[in-house]
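Examining the three-dimensional arrangement
Chain by chain, the residues:
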Number of protein chains: 2
Amino acid sequence: MFNASLLKTAFARTARAQLAWQPRTLSTVVEAGLKASALRVTKASSLKPLVPNQDLIFGHTFTDHMLTVEWKVEEGWAAPEIKPYQKLQLDPSAVVFHYSFECFEGMKAYKDKNGKIRLFRPEMNMARFNNSADRIALPQFDGNELLKLIKNYVKTESRWIPSERGYSLYLRPTMIGTQEYLGVNPSNRALLFVIASPVGPYYKTGFKAVSLYATTEYVRAWPNGTGANKVGGNYAIGIKPQLMATKQGYQQNLWLFGEDHQLTEVGTMNCFVLWKDDKGELELVTPPLDGSILPGVTRDSILGLAREWGKFKVSEKSVSMPQIKEAVKQGRMLEMFGAGTACIVSPIKKIGYLNEDLDIPLDPNDPNAQAGPWAKKFNDTIMDIQYGDLPHDWSVLVD
Amino acid sequence: MFNASLLKTAFARTARAQLAWQPRTLSTVVEAGLKASALRVTKASSLKPLVPNQDLIFGHTFTDHMLTVEWKVEEGWAAPEIKPYQKLQLDPSAVVFHYSFECFEGMKAYKDKNGKIRLFRPEMNMARFNNSADRIALPQFDGNELLKLIKNYVKTESRWIPSERGYSLYLRPTMIGTQEYLGVNPSNRALLFVIASPVGPYYKTGFKAVSLYATTEYVRAWPNGTGANKVGGNYAIGIKPQLMATKQGYQQNLWLFGEDHQLTEVGTMNCFVLWKDDKGELELVTPPLDGSILPGVTRDSILGLAREWGKFKVSEKSVSMPQIKEAVKQGRMLEMFGAGTACIVSPIKKIGYLNEDLDIPLDPNDPNAQAGPWAKKFNDTIMDIQYGDLPHDWSVLVD
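Residues numbered from 1 in each chain as written. Chains lettered and ligands numbered in written order. Predicted model: local features only at pLDDT ≥ 70, side-chain atom pairs only at ≥ 80, totals over all residues. Heavy atoms only, no water.

1. Quick look at the overall build of chain A
Per the secondary structure count, chain A includes eight helices and 20 strands. Rg of the C-alpha trace for chain A: 22 Å, near the compact-globule value of 21 Å for 399 residues, within the 12% margin. With the principal axes as the frame, chain A shows a C-alpha extent of 60 × 50 × 40 Å. Sorting the 399 residues of chain A into buried and exposed places 62% on the buried side. Expressed as a percentage of contacts within chain A between residues at least 6 apart in sequence, the contacts between residues at least 24 apart total 72%. Accessible area for chain A stands at about 14,900 Å²; split by element, carbon and sulfur atoms hold 49% of it. Between the averaged position of the 46 positive side-chain charges in chain A and that of its 42 negative side-chain charges there is a distance of 3 Å. (Helix = DSSP H or I, 4+ residues; strand = E, 2+ residues; numbered from the N terminus. Rg over C-alpha atoms; globule rule 2.2 N^0.38 Å. Buried < 20%, exposed > 50% of the residue type's maximum accessible area, 1.4 Å probe, protein only. Contact = heavy atoms within 4.5 Å. Areas by Shrake-Rupley, 256 points an atom, 1.4 Å probe, with all protein chains shown as cover. Lys, Arg positive; Asp, Glu negative; His and termini not counted. Charge placed at Lys NZ, Arg CZ, Asp CG, Glu CD.)

Structure, rendered in structure tokens:
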């Protein structure tokens, strides 16, 4: 069902916010209203016991408070609130339950050796969050203001940030459409919330390389779809491919695209290949941001470091499974790995592709290695920056 | 993030339920647990005032009660409940808010001339609902049991079913994943709920033909995606194309696919073309169920009636915009219309395609007509069946 008057209202709002059909960066976000200075804080009357580091399971433990901001089309953003972590009360007709008006971010707060709190390139999350919201006609916000609020929130939850290297406080900014209406229209109500979960290292006992099943039965994203946005709709549809991979003895799925089976992503991570190209030149390759690849913060950081180091050619271009297979057979493959906020890098040891297993090298000098030397170097360098051990402007102090 | 043990649990469950990777029909749904006989009913202590028919707006008014059933991977389906319409209380980490674990159905309950309640082909909704749930790894249920529960629910809400032709009680069965966990895994908790909204005819004062903007900037669905499933993720992403259409003076968007610009759907409806083919034969065409087209109940009903009538060739095949354009220019186009539960048929009068407006004929014998004769005949026949005026086994009495 389509309601023209509601649509006109939403469109007027959209036009006001100068929402062209292009992605925007932090500096061009103009919708007024989200004001960090209007924050109201209500502390929890009692605090939960902390969970010992060794007992942390990703995404299961939540802190004492949450950050929330309500939005109405006719009023804009309300005063932000930090308040006790609590259930959301939503009408069963709220559009988030029916039409997937939802998008999110994943980022982390770290404690450095001096006990200072750090974020990693948070302005990239703010910009991507706005782009995701725009794609599903949810409201825009001033990323600088949300970042101020998130800094305030992580300070409030400071006791939940583990001070051991590898541990951090995972932050989940989320925006949902909350209009109580069964029509497919832009939502005239939204809720932005941030929750936090203390997490341990992805690899508790060092790296653990994964085997991938190259999925030819399902497709994650398509040109002019939503693959470049962190919208909810991209995720549930990945469960069946994941189950198929597991059923066949692999740990994750490798998404492919097109008749030539181009690599796109690894589960919910970006994908990297380090090989000698067909001219024998050392090259780091990752699929280009063509609209179907998520613009990962870790992806961008790896590309940035690789270009800074200048040790190999760095290419954002498509690479196909037949090319991978040829490189493996010719001994030109050096390393492959996934990259994302949760794990930094995830080394790949095997790919099952069309009834054939391709062995991907890890470390040629160590038969027991669970990561290649470059995967490990990217991982360690990024972690050094995140924990403030290696000075870099990607690490942002919260003070 | 990926949790192998949770996945194994979910996969065992999936295997138990004999979930192959194919769609299933009502008769092969085997997951045990959903039992209509276990229903518990709690009536609202006070009832809302009814809304006069002329004041009804689609999807804005909800009845006094809702039907809910909770599911846990370790216990299966709990006892169903009919209880007062109320807000859902969900943890902000519930997977429905992040990863779009959500699917739904749209169906209607009608009151016939004798005051009896009728449903229209509800077994198709049950089967499709299970297929949608399966696509996003939500649990399966026995469609016959849910149908019994829905019949009980519409009887409970009987006073909300308007007794005027064209009016009905819109039913929205919905299933969401409710696990409180920030990992992308099969949800180990789900909630199935049904809410109801009294609605008026789509066209209060007779048909109103619509103009469409043929969208070349966005794609709705693709091979091996989720276009054939009624999952939430298919909907929010359609808002921007809709806004673009409106901005340019059209009422809805027409989804295209592929380099040859094949027609796929009209907004959230299936799409039909009645033309003389290039051999001069009268032909009704709709895109085939290739995995990217929603298998609409109205679509299937129109195809069934057309085949029964035998007045023209009936084809499920792809048709491209260049073919549409040629047919219009050669005077071979007779009618085009969308089809869906909300409107039955929605006649199309114009398509804006690549900076050119194509005029689609309505009724050649009536310059003021807002529907072609065949669109009107499909609409009226289906409505006759829905309201029990034309006996047909598609109409199911609730008694």
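2. Details of the UniProt feature "modified residue: N6-(pyridoxal phosphate)lysine" (unreviewed entry) in chain A
Residues and elements named next belong to chain A. As recorded in UniProt, the feature "modified residue: N6-(pyridoxal phosphate)lysine" (unreviewed entry) lies at Lys230. Along the chain, the position of lysine 230 falls in the loop between β11 (210-215) and α5 (239-247). Take lysine 230: its relative accessible area is 11%, and that puts it in the buried class. Not counting the four nearest positions on each side in its chain, lysine 230 is found in contact with Cys103, Phe104, Glu105, Gly106, Arg128, Ser132, Tyr235 and Leu294. (UniProt positions renumbered as here; feature names shortened; annotations may be inferred.)

3. Here's the deal with the packing of aromatic side chains
What the rule picks out here adds up to 40 aromatic pairs over all chains. An angle of 40 degrees between the planes, with centres 5.8 Å apart, marks the rings of A:Tyr213 and A:Tyr250 as tilted. With A:Tyr213 in strand β11 and A:Tyr250 in the loop between α5 and β12 (252-257), this pair connects stretches of sequence that are 37 residues apart. Here the two residues A:Tyr213 and A:Tyr250 agree in accessibility, since each one is buried. Judged by centre distance (5.7 Å) and plane angle (50 degrees), the ring pair of A:Tyr235 and B:Tyr99 falls under tilted. Here the residue A:Tyr235 occupies a position in the loop between β11 and α5, and B:Tyr99 occupies one in helix α2 (residues 96-99), the pair thus bridging two chains. The burial state of A:Tyr235 is the same as that of B:Tyr99; both residues are buried. (Phe/Tyr/Trp six-rings, centres within 6.5 Å; stacked < 30°, edge-to-face > 60°.)

4. Brief notes about the pairing of strand β19 (residues 356-359) of chain B
All names here are of chain B. Strand direction decides the pairing type here: strand β18 (residues 344-353) and β19, joined by four bridges, are antiparallel. Across the sheet, residue tyrosine 353 finds its bridge partner in β19, namely glutamate 356. Linking two consecutive strands that pair antiparallel, namely β18 and β19, is a turn of two residues; a positive phi of about 50 degrees is found at leucine 354 within it. (Pairing = 2+ DSSP bridges.)

5. Points about the relation of the copies chain A and chain B
When chain A is fitted to chain B, the residual RMSD is 0.0 Å, and the transformation amounts to a turn of 180 degrees plus an axial shift of 0.0 Å. What the superposition gives is, in effect, a two-fold axis relating one chain to the other. When C-alpha distances to the rotation axis are compared across chain A, the minimum falls at A:Gly233, with a value of 2.0 Å. Both copies share a contact surface, since 95% of the interface residues of chain A are interface residues in chain B too. (Least-squares fit on C-alpha atoms with pLDDT ≥ 70 in both.)

6. Quick notes on the packing of helix α6 (residues 297-309) of chain A against helix α8 (residues 373-386) of chain A
A pair of packed helices is captured by two measures, namely the crossing angle of their axes and the spacing between those axes. All names here are of chain A. One can describe the packing of α6 onto α8 by two numbers: an axis separation of 11 Å at closest approach and a directional angle of 105 degrees. In terms of axis orientation, α6 runs roughly perpendicular to α8. The residues of α8 that touch α6, namely those facing Thr298, Ser301, Ile302, Leu305, Ala306 and Trp309, are Trp374, Lys377, Phe378, Thr381, Ile382 and Ile385. Residue composition of the contact of α6 with α8, by class: eight nonpolar, three polar and one charged. (Axes fitted to C-alpha atoms, helices over the stretch in contact; angles between N-to-C directions. Parallel < 35°, antiparallel > 145°, perpendicular 65-115°, else oblique. Nonpolar A, V, L, I, M, F, W, Y, C, P; charged D, E, K, R; others polar.)

7. Examining the domain arrangement of chain A
Residues and elements named next belong to chain A. Under the domain assignment used here, chain A contains domain 1 (36-199) and domain 2 (210-389). For the pair domain 1 and domain 2, the summed buried surface comes to about 2,300 Å²; carbon and sulfur atoms form 56% of the total. A per-residue breakdown of the area domain 1 buries against domain 2 is headed by Phe120, Arg128 and Arg165, which together make up 31% of the total. Counting across the interface, domain 1 meets domain 2 through four salt bridges. Between arginine 165 and aspartate 384 there is a salt bridge, with its nearest N and O atoms 2.9 Å apart. On the surface where domain 1 and domain 2 come into contact, there are 14 residue pairs in polar contact (both at pLDDT 80 or more). Breaking the side of domain 1 that touches domain 2 down by element, the ones donating at least two residues are β6 (102-104), β7 (107-111), β8 (117-120) and α3 (122-135). In terms of residue count, α3 provides more of the side of domain 1 that touches domain 2 than any other element does, six residues in total. (Domains from an automatic or database assignment. Buried area = accessible area lost by both parts, 1.4 Å probe. Salt bridge = Lys/Arg side-chain N within 4 Å of Asp/Glu carboxyl O. Polar contact = N/O pair within 3.5 Å; in protein donor to acceptor, adjacent residues only side chain to side chain.)

8. Brief notes about the interface of chain A and chain B
Chain A puts 76 residues into the contact, and the matching count from chain B is 74 residues. Counting the surface lost from both chain A and chain B, the interface buries some 7,100 Å², and carbon and sulfur atoms represent 68% of this. The tally of links from chain A across to chain B stands at four salt bridges. Between B:Lys87 and A:Glu180 there is a salt bridge; the shortest N-O distance is 3.4 Å. At the surface where chain A touches chain B, the tally comes to 28 residue pairs in polar contact (both at pLDDT 80 or more). Considering only residue class, the side of chain A that touches chain B consists of 42 nonpolar, 23 polar and 11 charged. By the bridge criterion, three bridges tie strand β5 (residues 88-90) of chain A to strand β5 (residues 88-90) of chain B in an arrangement that is antiparallel.

9. Quick notes on the state of the cysteines
All names here are of chain B. Within this structure, the stated rule accounts for zero disulfides over all chains. Of all cysteine sulfurs in the structure, the one in cysteine 343 sits closest to cysteine 271, which takes part in no disulfide; the separation is 12 Å. On the accessibility criterion, cysteine 271 (1% relative accessible area) is buried. Using a relative accessible area of 4% as the deciding quantity, one classes cysteine 343 as buried. (Disulfide = S-S within 2.5 Å.)

10. Side note on the confidence of the model for chain A
Residue and element names in this part refer to chain A. The predicted model of chain A has a mean per-residue pLDDT of 92, with 92% of residues at 70 or higher. For the stretch residues 1-31, pLDDT sits under 50, and the model shows 80 contacts to residues farther than four places along the chain or on other chains. Scoring the predicted complex yields pTM 0.92 and, for the interface, ipTM 0.92. (pLDDT = per-residue confidence, 0-100.)

11. Examining the pattern of salt bridges
All names here are of chain A. One pass over the full model with this rule turns up 48 salt bridges over all chains. For arginine 299, the salt bridge goes to glutamate 316, with nearest N and O atoms at 2.7 Å. Of this pair, arginine 299 sits in helix α6 while glutamate 316 sits in strand β16 (residues 313-316), and the two are 17 residues apart along the sequence. When its relative accessible area of 2% is taken as the criterion, arginine 299 is described as buried.

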